[in-house]
Amino acid sequence: MGSIAIISALEPYFVIAVFFVALSYGYFTAFYQAGAREAKHLDDMLRSLLYAHFQETLTGLPTI
């Protein structure tokens, strides 16, 4: 954080670049988190279906 302050004091235009980089970082972070949350939800749902199928197979095994 101190290096950003020193560079900003020496190069005032650097503040503008830091502002846009921080804004982009926040946008992409929110975008990634939403996608990752949805992917985890789908993965959990598919695993649940797989475990249910496996449990039903084991339950019906003595019948065979």
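The structure we're discussing is the one just above.
Just so we're clear, the structure is a prediction, and the values are computed from it rather than from any experiment.

Undergrad: Summarise the overall build of the protein chain; cite the residues concerned and give the values.
TA: Each helix and strand counted, the protein chain has two helices and zero strands in total. Against the globule reference of 11 Å for 64 residues, the protein chain gives a C-alpha radius of gyration of 25 Å, more extended than a compact globule. Along the longest, intermediate and shortest principal axes, the C-alpha atoms of the protein chain span 80 × 20 × 10 Å. Out of the 64 residues belonging to the protein chain, those deemed buried represent 2%.

Undergrad: Give a detailed account of the packing of aromatic side chains, specifying residues and quantitative values.
TA: Enumeration over the complete set of coordinates arrives at three aromatic pairs. Taken together, a centroid distance of 5.5 Å and an interplanar angle of 65° make the contact between Phe 19 and Phe 20 edge-to-face. Of the residues examined, Phe 19 reaches a relative accessible area of 47% and is grouped as partly exposed. A centroid spacing of 5.3 Å and a plane angle of 70° characterise the contact between Tyr 27 and Phe 28, whose relative ring orientation is edge-to-face. Through a chain of ring-to-ring contacts, three or more aromatic side chains come together here, namely Tyr 27, Phe 28 and Phe 31.

Undergrad: Requested: an account of a nonpolar patch on the surface, with residues and values cited.
TA: Side chains of Tyr 13, Ile 16, Phe 19, Phe 20 and Leu 23 sit close together on the surface and give an oily, nonpolar patch of about 600 Å² of accessible area. Its place among the elements puts Leu 23 in helix α2 (residues 13-60).

Undergrad: How would you sum up the side chain of Ser 8? Please name residues and give values.
TA: Mapped onto the elements, Ser 8 comes out in helix α1 (residues 2-10). You can call Ser 8 buried: its relative accessible area is 18%. A polar side-chain atom of Ser 8 sits 2.7 Å from the main-chain carbonyl oxygen of Ile 4. Excluding residues that lie within four positions of it along the chain, Ser 8 makes contacts with Phe 14 and Val 15.

Undergrad: How would you explain the packing of α1 against α2 if you had to name every residue and give the values?
TA: Between α1 and α2, the least distance of the axes is 6 Å, while the angle of their chain directions is 135°. Taken as axis vectors, α1 and α2 run oblique relative to one another. The residues of α2 that touch α1, namely those facing Ile 4, Ile 7 and Ser 8, are Phe 14, Val 15 and Val 18. Across the contact of α1 with α2, the residue classes tally to five nonpolar, one polar and no charged.

Quick notes on the rules
The written sequence of each chain sets the order in which its residues are numbered from 1. Per-residue local features are limited, in this predicted model, to residues with pLDDT of at least 70; the limit for side-chain atom pairs, both in listing and counting, is 80 or more; totals at the level of whole chains, interfaces and linings are taken over all residues. Excluded from the side-chain calculations are hydrogens and water; all other atoms, namely the structure's heavy atoms, are used. Under the scheme used here, helices are H or I runs from DSSP no shorter than 4 residues and strands are E runs no shorter than 2 residues, and both carry numbers assigned from the N terminus. To get the radius of gyration, use the C-alpha atoms; to get the globule rule, take the number of residues to the power 0.38 and multiply by 2.2 Å. Burial classes follow relative accessibility: with a 1.4 Å probe on protein chains only, a residue under 20% of its type's maximum area counts as buried, one over 50% as exposed, and anything between as partly exposed. Stacked, edge-to-face and tilted labels apply to pairs of Phe, Tyr and Trp rings (six-membered ring for Trp) whose centres lie within 6.5 Å, assigned for plane angles under 30 degrees, over 60, and everything in between, in that order. Patch building starts from residues that exceed 30% relative accessible area and form no salt bridge, then joins like charges within 9 Å and nonpolar side chains (Val, Leu, Ile, Met, Phe, Trp, Tyr) within 5 Å. Accessible surface is estimated by sampling points in the Shrake-Rupley manner with a 1.4 Å probe; for residues, cover comes only from the protein chains shown. The term salt bridge refers to a pairing of a side-chain nitrogen on Lys or Arg with a carboxyl oxygen on Asp or Glu at a separation within 4 Å. Two N or O atoms count as a polar contact when they lie within 3.5 Å, although within protein this holds only if one can serve as hydrogen donor and the other as acceptor, and sequence-adjacent residues are included solely when both atoms are side-chain atoms. Two residues form a contact once any of their heavy atoms are found within 4.5 Å. Interaxial angle, 0 to 180 degrees, is taken between N-to-C directions of lines fitted to C-alpha atoms, where a helix line uses only the stretch in contact. Our angle categories are set so that under 35 degrees counts as roughly parallel, over 145 as roughly antiparallel, 65 to 115 as roughly perpendicular, and the remainder as oblique. Polarity classes work like this: nonpolar for Ala, Val, Leu, Ile, Met, Phe, Trp, Tyr, Cys and Pro, charged for Asp, Glu, Lys and Arg, and polar for all others, with Gly in that last group.

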